Amino acid sequence: MSRIVEVRELRYVWEDGTEALRGVDFDLEAGETVALLGPNGSGKTTFALHLNGLLKPTQGTIKIDGLPVIERNLSQIRRKVGLVFQDSDNQLFMPTVLEDVAFAPMTSGLSPEASAEKAMDALRLVAMDHKANKAPWHLSAGEKKRVAIAGILASDPLLLVLDEPTTYLDPPGQRSLATLLSELPQAKILITHDMPFARMLTKEAVFFQDGQIAGRGPVDQLAAHFNW
Ligand SMILES: Nc1ncnc2c1ncn2[C@@H]1O[C@H](COP(=O)(O)OP(=O)(O)OP(=O)(O)O)[C@@H](O)[C@H]1O
Ligand SMILES: [Mg+2]
């Protein structure tokens, strides 16, 4: 098995002095899925933003598929890591839904036609193809989330990092996302407070607490241990 994520001694201090990550070690092998659990403010999103280089470690190292996450590797890294943001408004920026989802395939060198086709396929998977020509900022919260998910599906990454993907999704949407993700072969990091969703997709979890990984193991054991 090849190692998709290798994080060592990761520390991150925000500009206002908040120590969000205080020495995190984390590994993920190809094809593995892990749920990231833990209280509000424990550092999960800050951790996720390091995986494709959106934040630069204050200290420590990150490798994706053996490649150090440093400035000169960022375009390669971003093709390998598909990140769905906790807040979709930070993610969608093109004039139409279709252009937004086609953005990653376009930048990977596909023709405009092939990119649009890939984008439409991804939009169909999240049942948003009928909104392809709409402005992303006019969508409902759940629709935005679906489009953001389509955006990473269209880019075919090695690793999917989804930060609260079920927030705003209606119950059938949550179930179909779980089914969809369970059929994808890629490695996945699922940051979620939605325990039924986590249980549908993986048996393995990591528990964040105060900027550190306080435990890793079977979802049920961790949930019992941390009273989750
Ligand atoms: N832009 C920022 N500037 C300063 N501090 C921040 C910023 N973003 C987050 N923090 C702080 O960093 C810590 C970790 O926040 P983070 O968003 O990573 O938590 P989280 O585990 O994702 O929480 P949640 O479950 O609420 O999404 C918190 O103390 C938070 O207040
Ligand atoms: Mg968060």
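The sections below set out a description of the structure shown in this document.

The rules behind each value
- Residues numbered from 1 in each chain as written.
- Chains lettered and ligands numbered in written order.
- Predicted model: local features only at pLDDT ≥ 70, side-chain atom pairs only at ≥ 80, totals over all residues.
- Buried ≥ 20, exposed ≤ 12 C-beta atoms within 10 Å, placed from the backbone.
- Helix = DSSP H or I, 4+ residues; strand = E, 2+ residues; numbered from the N terminus.
- Pairing = 2+ DSSP bridges.
- Near = placed C-beta within 6 Å.
- Nonpolar A, V, L, I, M, F, W, Y, C, P; charged D, E, K, R; others polar.
- Contact = placed C-beta atoms within 7 Å.
- Axes fitted to C-alpha atoms, helices over the stretch in contact; angles between N-to-C directions.
- Expected span 1.5 Å × (residues − 1).
- Arc of directions from axis to C-beta.
- Core = buried A, V, L, I, M, F, W, Y, C linked by C-beta atoms within 7 Å.

1. Some words on the pairing of strand β3 (residues 33–37)
Here comes step 1: By the criterion of burial, β3 is predominantly enclosed, with five of the five residues buried.
Here comes step 2: The alternating pattern of β3 places Thr33, Ala35 and Leu37 on one face and Val34 and Leu36 on the opposite face, and all of these are buried.
Here comes step 3: Here β3 runs beside strand β8 (residues 187–191); their pairing, made up of four bridges, is parallel. Paired with threonine 33 across the bridge in β8 is lysine 188.
Here comes step 4: Taken together, the three bridges between β3 and strand β9 (residues 204–209) define a ladder with parallel strand orientation. Paired with leucine 36 across the two strands is valine 206, which belongs to β9.

2. As for unusual backbone geometry
Here comes step 1: Phi is positive for glutamate 9, which is not a glycine, with a value near 50 degrees.
Here comes step 2: One non-glycine residue, tyrosine 168, lies in positive phi territory at about 75 degrees.
Here comes step 3: In this structure, tyrosine 168 sits in the loop between β7 (159–163) and α6 (171–182).

3. Let's talk about the site of ligand 1
Here comes step 1: Lining the immediate surroundings of ligand 1 are 14 residues, of which Trp14, Asn40, Lys44, Thr45 and Thr46 lie closest.
Here comes step 2: If you tally residues by element for the shell around ligand 1, the top one is helix α1 (residues 44–51), at three residues.
Here comes step 3: The residue inventory of the shell around ligand 1, partitioned by class, reads three nonpolar, nine polar and two charged.

4. What to know about the environment of lysine 131
Here comes step 1: Among the secondary structure elements, lysine 131 is positioned in the loop between α4 (112–125) and α5 (141–153).
Here comes step 2: When the C-alpha positions of lysine 131 and glycine 17 are compared, they lie 42 Å apart, and in sequence the two are 114 residues distant.
Here comes step 3: In this view, lysine 131 contacts Val97, Leu139 and Glu143; residues no more than four positions away in its chain are not counted.

5. Re the sheet that holds strand β4 (residues 59–64)
Here comes step 1: An order of β2-β1-β4-β5 is seen for the four strands of this open sheet, with the pairing classed as antiparallel. A strand with exactly one partner marks an edge of an open sheet, and here the two such strands are β2 (19–29) and β5 (67–68).
Here comes step 2: Pairing between strand β1 (residues 3–13) and β2: eight bridges, direction antiparallel. In the sheet register, leucine 10 faces β2, and the bridge partner there is valine 24.
Here comes step 3: Strand contacts of α1: β1, β2 and β4, with the helix running at about 55 degrees to β2, the strand carrying the most contacts.

6. Focus on α6
Here comes step 1: The end-to-end C-alpha distance of α6, which contains 12 residues, comes to 17 Å, matching closely the 16 Å that a straight helix rising 1.5 Å per residue would cover.
Here comes step 2: For α6, every residue scored as buried is listed here: Leu177, Ala178 and Leu181. In an axial view of α6, the angular spread of the buried residues amounts to 100 degrees, which keeps them on one side of the axis. Turned more than 90 degrees away from the buried face of α6 sit Pro172 and Thr179, all of them exposed.
Here comes step 3: Residues of α6 that are buried make contact with α5, β8 and α7 (195–201).

7. Brief notes about the pairing of strand β6 (residues 81–84)
Here comes step 1: Side chains Val81 and Leu83 project from β6 onto one buried face, and the interleaved Gly82 and Val84 project onto a second face that is buried too.
Here comes step 2: By the bridge criterion, four bridges tie β6 to β7 in an arrangement that is parallel. Paired with valine 81 across the bridge in β7 is leucine 159.

8. Description of the sheet that holds β7
Here comes step 1: Reading across from one edge, β6-β7-β8-β3-β9-β10 is the order of the six strands in this open sheet, with mixed pairing throughout. Here the strands that pair on one side only, and so sit at the sheet edges, are β6 and β10 (212–218). Direction aside, the axes of adjacent strands within the sheet are offset by 15 degrees on average.
Here comes step 2: The strands touched by α1 are β3, β6, β7, β8 and β9; relative to β7, the strand with the most contacts, the crossing angle is about 150 degrees.

9. Notes on the nonpolar core
Here comes step 1: If you look at the biggest cluster of nonpolar residues, it comprises 66 residues, and the most contacted ones within it are Leu36, Ile64, Val101, Ala150, Val161 and Ala205.
Here comes step 2: Per-element tally for this core: the top contributor is α5, with six residues.
Here comes step 3: Here valine 101 is in contact with Ala119, Ala122, Leu123, Val147, Ala150, Gly151 and Ala154, once residues within four sequence places are set aside.

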